[in-house]
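Coordinate inspection notes
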Amino acid sequence: MESVKQRYFLELAYNGTNYHGWQVQHNAISVQEKINEVLQTILRQPIETIGAGRTDTGVHAKQLFAHFDTEKLDLSVDKKRFLHSMNSLLPHDISVQNILAVQLDAHARFDATSRSYEYHIHFEKNPFLNNLSWLLRDFPKVERMNEAAEHLLGTKDFSCFSKSNTQVFTNICTITRAEWVLENNGLIFHVTANRFLRNMVRAIVGTLLEIGVKNKPIEYVDDVLKSQNRSEAGASVPAHGLYLTKIKYPYIEENEN
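Residues numbered from 1 in each chain as written. Predicted model: local features only at pLDDT ≥ 70, side-chain atom pairs only at ≥ 80, totals over all residues. Heavy atoms only, no water.

This part is about the nonpolar core. Formed by 79 residues in total, the largest nonpolar core has its most connected members in L10, F68, L152, F161, F189 and L208. Broken down by element, the residue count for this core peaks at eight residues, all from helix 4 (residues 200–212). Excluding residues within four positions of it along the chain, L208 makes contact with M145, A148, A149, L152, W180, F189 and V221. (Core = buried A, V, L, I, M, F, W, Y, C linked by side-chain atoms within 4.5 Å. Buried < 20%, exposed > 50% of the residue type's maximum accessible area, 1.4 Å probe, protein only. Helix = DSSP H or I, 4+ residues; strand = E, 2+ residues; numbered from the N terminus. Contact = heavy atoms within 4.5 Å.)

This is the structure we're talking about:
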């Protein structure tokens, strides 16, 4: 009798400094590669994970979900031991926070209803923030950037903030939060949307800094959006200040353990 596979969601966190992003690549080390290798070691079978999205080289994740299928795991017996085994074998900069049994048709990428990112900026040299936040020389006008960020809210074509030649079916996204917050002598940009385009958050941050640092008018954001042209937007800020922080699914409660 053929065994029936079960689908699982892994909840992960990682420091992306040492990795060429999430997705498996040829001739480069990725987070997904490390996760797949450890799963294969523990379960003793080939495992291919599918992530909720891809983070670029140097980008961090406080929360990312990935799914995989296997018949060789019983969470009612093995959950704590499984998590301990994974974290013992994974590098120090990747951790597994949780594992959840889900329906076989559940999908880590396509079922996500929202994703949230943060971009971290600091203004004084701090060795403990190296590769974890971007050091910016000039303190920007935060109120003006927040006024401009309100123009991003809603359902719009965000082609102007997308890396060129990406294979997506649409550049339409719905942003529900775009806000700068002062925290711990630094500045954090919070943004939430149903989906994001490649390089979108870093391009948005660079565009808002054109207003906050270089004193471009608030309406600059509207002009960039109307252009649908990446070259009209601001420069992409460095990857190491960016964090994927939260992904929501209709069937996963927050803080579920």
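Further notes follow.
Within this structure, the stated rule accounts for eleven aromatic pairs. With a centroid separation of 5.0 Å and 80° between ring planes, the pair formed by Y117 and F196 is classed as edge-to-face. Of this pair, Y117 sits in strand 5 (residues 114–122) while F196 sits in the loop between strand 9 (186–193) and helix 4, and the two are 79 residues apart along the sequence. You'll find Y117 and F196 in the same group, each marked buried. Among the aromatic residues, ring-to-ring pairing joins F9, F65, Y249 and Y251 into one connected group. In this structure, K62 is placed above the aromatic ring of Y243, and the distance from its NZ or CZ to the ring centre is 5.3 Å. (Phe/Tyr/Trp six-rings, centres within 6.5 Å; stacked < 30°, edge-to-face > 60°. Lys NZ or Arg CZ within 6 Å of the ring centre and 35° of its normal.)

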